[in-house]
Amino acid sequence: MAFTKKTVRDADVDGRRVLVRVDFNVPLRDGAVADDTRIRAAIPTITYLKEHNARTILMSHLGRPKGDGPEPELSLRPAADKLAELTGFDVTFVDDTYGEKAAAAVAALQPGGILVLENVRFDKREKKNDPEIAQRLASYGDIFVLDAFGTAHRAQGSVVGPAAYLPAYAGFLLEKEVDTLTSIFADPARPFVAIVGGSKVSSKIGVLDHLIDSADTLIIGGGMAYTFFLAKGYSVGSSLKEEDWVERAGEMIRKAEAKGCKILLPIDNVVADHFGEDATGEVVDSDQIPDDRMGMDIGPKTVELYCEAVKGAKTVFWNGPMGVFEMDQFAKGTEAVARAIADSDCTSIIGGGDSVAAINKFGLANKMSWISTGGGASMELVEGKALPGVEALLDA
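All figures in this text were calculated on a predicted structure; none of them were measured in a lab. (Residues numbered from 1 in each chain as written. Predicted model: local features only at pLDDT ≥ 70, side-chain atom pairs only at ≥ 80, totals over all residues. Heavy atoms only, no water.)

S.K.: Help me understand the overall build of the protein chain in this model?
M.R.: Of regular secondary structure, the protein chain possesses 13 helices and 17 strands. Its C-alpha radius of gyration of 23 Å places the protein chain within 12% of the 21 Å reference for a compact globule of 396 residues. Each principal axis of the C-alpha atoms in the protein chain carries an extent, and together these give about 70 × 45 × 35 Å. In the protein chain, which comprises 396 residues, the proportion classed as buried is 58%. (Helix = DSSP H or I, 4+ residues; strand = E, 2+ residues; numbered from the N terminus. Rg over C-alpha atoms; globule rule 2.2 N^0.38 Å. Buried < 20%, exposed > 50% of the residue type's maximum accessible area, 1.4 Å probe, protein only.)

As structure tokens, this is what we get:
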């Protein structure tokens, strides 16, 4: 399915004030941007606006401020500086979002100019989608552009609010994210292999269900595998497990059989006596996990099985690590799967979140076809849910 909303290409932006919700929620280290992936992702829309003589006003959240005033360590100033550095554009930053100072900075903006407002979440009304907040932000613009895919699933003041008062369009990143993630399920080149990891079955239940409907093979790793083991009658020792979801995991195994979707679960695991970088890992078969051990990663036989499945794929969707990849000795499974995807000539879609952190850790980002900037938003799209931010835009 093609993207069904108007994009910034459909708007006359010449000389007009364009209010853009970007996703500059980037990690900071010592007051500087530690990973600029999300800022880079917004540059095509910002460049287009500058080249078309718009007065561009950028807004974003960063981190989780308390919402009762400025918190200097969560300021967007480092993101504004990084944007200037990456583009070579003059970027003005104002340390205000909803007050007179911000309004004055907007009024002073010239055609072709770029202004970054302070963190929208320094006021707790933003998350509540308070109409006053939405109206204040809308008053800065003639046109609203949503390009923050990472927050498009949240009905918040700066995400959906301005669309009630201004003509609202999609930016290029939002368009590409939605297009890529919906088309992969509408008509994937087959075999289509989906890999889902991470800690909990409960948080990915809709995603797993949807993938069983569309994938040829569904590979499961990470902490969620142990809930599936319980459904198969294995004991899992002290591994992460969700007792309440065992029955549902069993239903999924049966549903996949009925649909002809092959589910691959780990056949061996790296287990340890406690959760820590200093723990001693040992390899055991999946039905032989000792009572005093917890699963930390997939084992070598599983790595071989999973990599073999990826090798034959034409399309791969991956969300969630295979183990505790933050600890080097338990990162082997995640790294092997990431490398198999990178080496395969498939179309590879990485569904945000920890998978992106893993790919960056192993330096494989440039080998993937598409890396989503939004974990939660990409999962909701994969589940077939509508995203509030996208719904609020003008129909094409």
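S.K.: I keep staring at the packing of helix H9 (residues 300-311) against helix H10 (residues 332-343) and nothing clicks. Help me out?
M.R.: Angle between the axes and distance between the axes: these two values describe a pair of packed helices. With their axes 9 Å apart at the nearest point, H9 and H10 run at an angle of 20 degrees to one another. Between H9 and H10, the crossing angle belongs to the class labelled roughly parallel. In terms of crossing hand, the pair formed by H9 and H10 is right-handed. Between H9 and H10, the residues in contact are Val-303, Tyr-306, Cys-307 and Val-310 and Gly-333, Ala-336, Val-337, Ala-340 and Ile-341, respectively. Broken down by class, the residue content of the contact of H9 with H10 amounts to eight nonpolar, one polar and no charged. (Axes fitted to C-alpha atoms, helices over the stretch in contact; angles between N-to-C directions. Parallel < 35°, antiparallel > 145°, perpendicular 65-115°, else oblique. Left-handed = near helix turned anticlockwise from the far one by under 90°. Contact = heavy atoms within 4.5 Å. Nonpolar A, V, L, I, M, F, W, Y, C, P; charged D, E, K, R; others polar.)

S.K.: Looking at this structure, I do not really get the sheet that holds strand E12 (residues 268-272). What am I missing?
M.R.: Within a beta sheet, neighbouring strands are joined by backbone hydrogen bonds and run either parallel or antiparallel to one another. The antiparallel open sheet is built from three strands, whose spatial order is E13-E12-E14. Where the open sheet ends on each side, the last strands, each with one partner, are strand E13 (282-285) and strand E14 (294-298). Between one strand and the next, the sheet's axes are offset by a mean angle of 45 degrees, whatever the strand orientation. With four bridges joining them, E12 and E14 adopt antiparallel strand pairing. Note on E14: the bridge partner recorded for Ala-272 is Met-294. (Pairing = 2+ DSSP bridges.)

S.K.: Please clarify how the nonpolar core should be interpreted in this entry.
M.R.: Soluble globular proteins tend to pack their nonpolar side chains together in the buried interior. With 72 residues, the main nonpolar core has Leu-117, Leu-208, Leu-211, Leu-218, Phe-228 and Phe-317 as its most contacted residues. Looking at this core element by element, the count peaks at six residues for helix H5 (residues 172-186). For this core, the two domains that each supply at least three residues are domain 1 (8-173) and domain 2 (182-383). The contacts of Leu-208, once residues within four sequence positions are left out, are Val-196, Val-201, Leu-218, Ile-220, Met-224, Phe-228 and Met-252. Counting residues in each nonpolar core, the second largest holds 32 residues, with Val-8, Tyr-48, Ala-79 and Tyr-169 among its members. (Core = buried A, V, L, I, M, F, W, Y, C linked by side-chain atoms within 4.5 Å. Domains from an automatic or database assignment.)

From the geometry alone we can't say anything about function, so treat these as descriptive.
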